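So the chains spell out like this:
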Amino acid sequence: MLNEYAISIKQEEIDFPKRFASYVEKEYGILFYMKNNKDSYDGNHACIYPHKITDLGKVLDDIKEFYKKLGIRASIYHPYKKNYFRHNEEILKAHGYTYTPEEDHRVMLLTEENQIITPKRLDIRVLAEWDERVATDILIPSGEPWEIAVTKKRIEKEGTYLFVGYLDKKAIVYTDIHKSERGNTRFDYIVTAKEYRGHGYASELLSFVTDYCRKNNFPVCWQWAGPSEHICYQAGFREAFTMEAGYATGPEL
């Protein structure tokens, strides 16, 4: 069963930018782009399918030219095939790409009970539409304006839930989740306004969201392990499997 989860989640992660970015599907993969948000790393990259590629050099050139026409530096996420970029690093270099390896992405599934104990200070709302205070109170002051367009587009799609925590009518923390047709519920990362960080508001929001998913019988809940892994562990997430990570970038424009 775990292997089935891994396969489903890997494919869902490849397809996830379809929820907020434009894209072109090729035989060898998917090319995502956002003409009006070129600083979004999540919205401007290619995903490739190694088993469908016979001439990697030709594919690399095609990707490079595609993004060059858009005024975007080519970037390719590491495919979920062990050591694929490392084994083909010479071909990448020959076609102007630089490979940057990262630690494997560790995937956590929500399998245990929520153990977070936190004071209930926030007015937490589950929204079906955008609240501009997420931008003006959280993202812009936090220096993450590129997330505005991405988040707004995500919540327009069916299956997305936006959770916002308010304090005296001011938005101070938010996250969103996506319940997909594949039978998975993807947690995105939590963003807290700069001046409110370090006070446990993210923990309070995470506790609320995980309880919400349990009460409403949301299917397979998962998220990436990261800096707040200890809080996720308290919420009931446990590491289940890993996915190789890294990226290859083309030459500067």
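Going by the structure above, here's the rest.
Residues numbered from 1 in each chain as written. Predicted model: local features only at pLDDT ≥ 70, side-chain atom pairs only at ≥ 80, totals over all residues. Heavy atoms only, no water.

This paragraph deals with the overall build of the chain. Across its full length, the chain carries eight helices and twelve strands. Here the chain has a C-alpha radius of gyration of 19 Å; the compact-globule value for 253 residues is 18 Å, and the two agree. Counting only C-alpha atoms and orienting by the principal axes, one finds that the chain spans roughly 55 × 40 × 30 Å. Of all 253 residues assigned to the chain, the portion counted as buried reaches 51%. Roughly 12,900 Å² of accessible area belongs to the chain as shown, and the carbon and sulfur atoms make up 48% of that amount. Taking the average place of the 35 positive charges on the side chains of the chain and the average place of its 39 negative ones, the gap between the two points comes to 2 Å. (Helix = DSSP H or I, 4+ residues; strand = E, 2+ residues; numbered from the N terminus. Rg over C-alpha atoms; globule rule 2.2 N^0.38 Å. Buried < 20%, exposed > 50% of the residue type's maximum accessible area, 1.4 Å probe, protein only. Areas by Shrake-Rupley, 256 points an atom, 1.4 Å probe, with all protein chains shown as cover. Lys, Arg positive; Asp, Glu negative; His and termini not counted. Charge placed at Lys NZ, Arg CZ, Asp CG, Glu CD.)

Looking now at unusual backbone geometry. With a phi close to 60°, Asn-83 is a non-glycine residue in the positive phi region. Turning to its location among the elements, Asn-83 is positioned in the loop between β4 (75–77) and α3 (84–87). Here Asn-83 falls in the partly exposed class, since its relative accessible area comes to 22%. With phi around 55°, Asn-217 is a residue other than glycine that occupies positive phi space. Inspection of the secondary structure puts Asn-217 in the loop between α7 (201–215) and β11 (221–224). On the basis of relative accessible area, Asn-217 is assigned to the exposed category, the value being 67%.

Turning our attention to the pattern of salt bridges. Applying the stated criterion to the full structure yields 18 salt bridges. Across the pair Lys-170 and Glu-195 runs a salt bridge whose closest N-O atoms are separated by 3.2 Å. Pair noted here: Lys-170 is in strand β8 (residues 170–179) and Glu-195 is in the loop between β10 (191–192) and α7, with a separation of 25 residues, a long-range link. Here the residues in one salt-bridge network are Glu-13, Arg-154, Asp-176, Arg-186 and Asp-188, joined through shared partners. (Salt bridge = Lys/Arg side-chain N within 4 Å of Asp/Glu carboxyl O.)

Counting residues in each nonpolar core, the largest one holds 39 residues, and the members touching the most others are Trp-130, Val-164, Tyr-174, Phe-187, Leu-206 and Phe-237. Discounting residues that sit within four places of it in the chain, Phe-237 has contacts with Met-108, Leu-109, Leu-110, Phe-187, Leu-206, Thr-210, Cys-221, Trp-222, Gln-223 and Cys-232. (Core = buried A, V, L, I, M, F, W, Y, C linked by side-chain atoms within 4.5 Å. Contact = heavy atoms within 4.5 Å.)

Now for the pairing of strand β12 (residues 237–249). Pairing geometry for β4 and β12, over three bridges, is antiparallel. Looking at β12, one finds that Tyr-77 is bridged to Tyr-247. Pairing geometry for strand β5 (residues 98–110) and β12, over eleven bridges, is antiparallel. Residue pairing for β12: Arg-106 is matched across the bridge by Thr-242. (Pairing = 2+ DSSP bridges.)

Under the criterion given, the structure shown has 17 aromatic pairs. A ring pair is formed by Tyr-196 and Tyr-201, whose centres lie 6.2 Å apart and whose planes are at 75°; its orientation type is edge-to-face. Judged by relative accessible area, which is 18%, Tyr-196 ranks as buried. Grouped by ring-pair contacts, the aromatic residues Tyr-161, Phe-163, Phe-208, Tyr-212 and Phe-218 constitute a single cluster. Directly above the ring of Phe-16 sits Arg-186, whose terminal nitrogen or CZ lies 3.8 Å from the centroid. Between Arg-238 and the ring centre of Tyr-233, over which it is positioned, the NZ or CZ distance is 3.4 Å. (Phe/Tyr/Trp six-rings, centres within 6.5 Å; stacked < 30°, edge-to-face > 60°. Lys NZ or Arg CZ within 6 Å of the ring centre and 35° of its normal.)

Read these as spatial facts, not as claims about activity.
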